[in-house]
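Here's the letter readout for the chains.
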Amino acid sequence: MKRSMLHCRSCGAVYDADAVFRCACGEPLDLDWTESGIDEDGRDLPSRYGAFFPFEPGEWLSLGEGNTPLVPLSRLAGELGLSSLVVKNESANPTWSFKDRGTAACIAHARALGFTRVGTVSTGNMAASVAAYGAAAGLETVILVKGDLAEEKMAPIAIYGPRLIRVQGAYDGLYAESIRIGAERGIYFMNSDVPFRVAGSRTIAFEIFEQTDGCLPDWVIVPTSAGGNIRGIINGFMDLKAAGLADRIPGFICAQAAGCSPIATAFARSDEHISPFPAPHTIAHAIENPFPPSGNRVLLELRSRTWHALAATEDEIVRAQADMARSGLFGQPAAAVPLATLRQARAKGIVKEGERVALVFTGSGLKYTAAFASHRLHWEDCGLEELEERLK
Ligand SMILES: [Zn+2]
């Protein structure tokens, strides 16, 4: 790995890009690396966008993450009065969520630093992603999950063979506790907004830039929980602009569920900092983080550029999940939150008639089958001899 730095945009502190996960001031860190360039012959993430990372060839282990489709939704675009509406389908990643991009970057970092043990704290997408990449890299992998996580959610993580531990007690404290234990025991905890996970998310911006032939959307709408993914995508567009590849940065809308919306709530109240969200509850479990570790950082980014944060109700999320499925894309409820907030943004005049919008579709609908119960799904039964009559 080439020498690179980590930078805190809140207090200005700079660190060597070692196993440092947060600034001493408590805020998250960003990779400070000025090299850039897209290799148009590169077929996978590390060969195409490798210049944006400080890794040496061979340090990045790819399971085929990234290179996900940008799908146009023409009917919904027409209904919403947009000139284009596209969906970045991150459910096409190896473990069916956007998390694989950041996990791959963290695994490369961990390998470059000589770690043999990695881990994460997660309730779903990130746990499966780290378990898969840890297994592929032959690293001892520790996955810490909530004490009450149901068996239905444990099995799709356990299948990759990690050390999987349900931890009883306050889940909120597990993030900081894992980083502390990791530092003592030599475990690289690649949690939700650690610097290299955020750096990996930049590749979503690189791909949107390439897939739109540089004709960037006016708005990018990102489901937001910890805040690492939206930060990474913003950073990606900033890197493209700094490299002279893109001429501007799209507008951003931070999309949350009203049942757990610490960032959107602070934004609406013009608060300077986020506060822990009381009694969070939403069908969009994947973005149910009541006190996001990158929340203050995201709030600052939104404010400094007149961007927005919006929160969708449960009914709006369920409707958006159905609408996207009826357009051919079945995502987990969290992945439908951008469409739900886009409707609000059109009604409020934030997104204007004729604008171009990209939605980040973060994970597969099969990740959370309990959501089926919120839809009125129906089918028919009939005997073989009745079938012809039935289909008349
Ligand atoms: Zn700091």
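Description of the structure in this document. (Residues numbered from 1 in each chain as written. Predicted model: local features only at pLDDT ≥ 70, side-chain atom pairs only at ≥ 80, totals over all residues. Heavy atoms only, no water.)

**Some remarks on the coordination of the zinc ion**
We count it as follows: Distances decide who is a donor: an N, O or S atom must be within 2.8 Å of the metal, or within 3.2 Å for Na, K and Ca. Water is not included, so sites may look incomplete. Only two sets of limits are used to name each site, 85 to 135 degrees for every angle of a tetrahedral four-donor site, and over 155 degrees for opposite donors with all other angles from 65 to 115 for a square planar four-donor or octahedral six-donor site, with any other site named irregular. A helix here means a DSSP run of H or I that spans at least four residues, while a strand means a run of E at least two residues long, and both kinds are numbered starting from the N terminus. Burial here depends on accessible area, computed with a 1.4 Å probe over protein chains only, as a share of the maximum for the residue type. Under 20% is buried, over 50% is exposed, and the range in between is partly exposed.
Note on the zinc ion: its protein donors are Cys8 (SG), Cys11 (SG), Cys23 (SG) and Cys25 (SG). The metal-donor distances range over 2.3 Å. Coordination at the zinc ion is tetrahedral: its four donor atoms span angles of 102 to 119° at the metal. Within one chain, the residues donating to the zinc ion are spaced in sequence as C-x2-C-x11-C-x1-C. Here Cys23 lies in the loop between strand E2 (14–16) and strand E3 (30–32) and Cys8 lies in the loop between strand E1 (5–7) and E2, a separation of 15 residues in the sequence. On the basis of relative accessible area, Cys8 is assigned to the buried category, the value being 0%. For Cys23, a relative accessible area of 6% gives the class buried.

**Brief notes about the side chain of Glu301**
Residue position: Glu301 is located in helix H10 (residues 295–304). Classification of Glu301 by relative accessible area gives buried; the value is 6%.

**Brief notes about the pairing of strand E10 (residues 219–223)**
Here is the rule: Strand pairing is defined by DSSP finding a minimum of two bridges between the two strands. Convention used here: a crossover is right-handed provided that the path from the first strand, over the helix, to the second strand proceeds clockwise when the strands point away from the viewer.
Along E10, five of the five residues are buried, which leaves the element largely enclosed by surrounding structure. Side chains of E10 alternate between two faces, with Trp219, Ile221 and Pro223 and Val220 and Val222 buried alike. Relative to strand E11 (residues 251–257), E10 runs parallel, the two being bridged by five bridges. Looking at the pairing, Trp219 lines up with Gly251 of E11. The parallel pair E10 and E11, bridged by helix H8 (residues 228–242), forms a crossover whose chirality is right-handed.

**Digging into the packing of helix H3 (residues 99–112) against helix H4 (residues 125–136)**
Filter applied, for reference: Here, axes are lines fitted to C-alpha atoms. For helices the fit covers the stretch in contact, and angles between N-to-C directions go from 0 to 180 degrees. Working definition: roughly parallel below 35 degrees, roughly antiparallel above 145 degrees, roughly perpendicular at 65 to 115 degrees, and oblique for all remaining angles. Take the far helix as your reference; a near helix turned counterclockwise from it by less than a right angle gives a left-handed crossing, and one turned clockwise gives a right-handed crossing. Whether two residues are in contact is decided by their heavy atoms, any of which lying within 4.5 Å being enough. Only Asp, Glu, Lys and Arg are considered charged, only Ala, Val, Leu, Ile, Met, Phe, Trp, Tyr, Cys and Pro nonpolar, and every remaining residue, Gly among them, polar.
Where H3 contacts H4, the axes come no closer than 9 Å and their chain directions differ by 45°. Taken together, H3 and H4 sit at an angle that is classed as oblique. The crossing of H3 and H4 is right-handed. On H4, the residues that touch Lys99, Asp100, Thr103, Ala104 and Ile107 of H3 are Asn125, Met126, Ser129, Val130, Tyr133 and Gly134. Classifying every residue of the contact of H3 with H4 gives five nonpolar, four polar and two charged.

**Examining the nonpolar core**
How we decide: Grouping buried Ala, Val, Leu, Ile, Met, Phe, Trp, Tyr and Cys residues that are joined through side-chain atoms within 4.5 Å yields what is termed a nonpolar core.
By size, the foremost hydrophobic cluster in this structure holds 73 residues, and its most contacted members are Tyr188, Phe237 and Phe252. Examining the composition of this core, we find that seven residues originate from one element, helix H7 (residues 195–211), more than from any other. Excluding residues within four positions of it along the chain, Phe252 makes contact with Trp219, Val220, Val222, Ile230, Ile233, Ile234, Phe237, Leu302, Trp307 and His308.

**Re the pattern of salt bridges**
We apply this condition: A pair is scored as a salt bridge if a Lys or Arg side-chain nitrogen falls within 4 Å of a carboxyl oxygen belonging to Asp or Glu.
Within the structure shown, the criterion is met by 24 salt bridges. Taking the shortest distance from any N to any O, the salt bridge between Arg269 and Asp271 comes out at 3.6 Å. Judged by its relative accessible area of 55%, Arg269 falls in the exposed class. Assessed through its relative accessible area of 23%, Asp271 is described here as partly exposed. Arg319 is paired through a salt bridge with Asp323; the nearest N and O atoms lie 3.6 Å apart. Linking Arg319 with Asp323, this pair stays in helix H11 (residues 314–325), spanning four residues, or about one helical turn. Among the charged side chains, a network of salt bridges with common partners joins Arg9, Asp30, Arg231, Arg297, Glu301 and Arg305.

**Considerations on the packing of aromatic side chains**
As a reminder of what qualifies: The pairing test for Phe, Tyr and Trp rings, Trp by its six-membered ring, is centres within 6.5 Å, and the orientation test on the planes gives stacked under 30 degrees, edge-to-face over 60, and tilted for anything in between. Placement of a positive charge over a ring is assigned whenever Lys NZ or Arg CZ falls within 6 Å of the ring centre and within 35 degrees of the normal to the ring plane.
Per the counting criterion, the structure on display carries 11 aromatic pairs. One aromatic cluster is present, built from ring pairs that chain together Phe53, Phe55, Trp60 and Phe196. The ring of Phe53 has Arg202 sitting right over it, with the charged end atom 4.6 Å from the ring centre.

**Here's the deal with the state of the cysteines**
To be explicit about the condition: Note on terminology: disulfide denotes any pair of cysteine sulfur atoms within 2.5 Å.
Tallied over the full model, the rule gives zero disulfides. With no disulfide partner, Cys106 has as its closest neighbouring cysteine sulfur the one in Cys23, 18 Å distant. There is no disulfide at Cys254, and the cysteine sulfur nearest it, in Cys260, is 11 Å away. The exposure class of Cys254 is buried, given its relative accessible area of 0%.

**Observations regarding H8**
Note the threshold: The span you would expect from a helix comes to 1.5 Å times its residue count less one.
Compared with the 21 Å implied by 1.5 Å per residue over 15 residues, the 21 Å span of H8 between its first and last C-alpha is a close match. Those residues of H8 that fall on the buried side of the exposure criterion are Gly228, Asn229, Ile230, Arg231, Gly232, Ile233, Ile234, Asn235, Gly236, Phe237 and Leu240. In the core, the buried residues of H8 are packed alongside E3, H7, E10, E11, H10 and strand E13 (356–361). Within two residues after H8, Gly244 carries a phi angle of roughly 80°, on the positive side.

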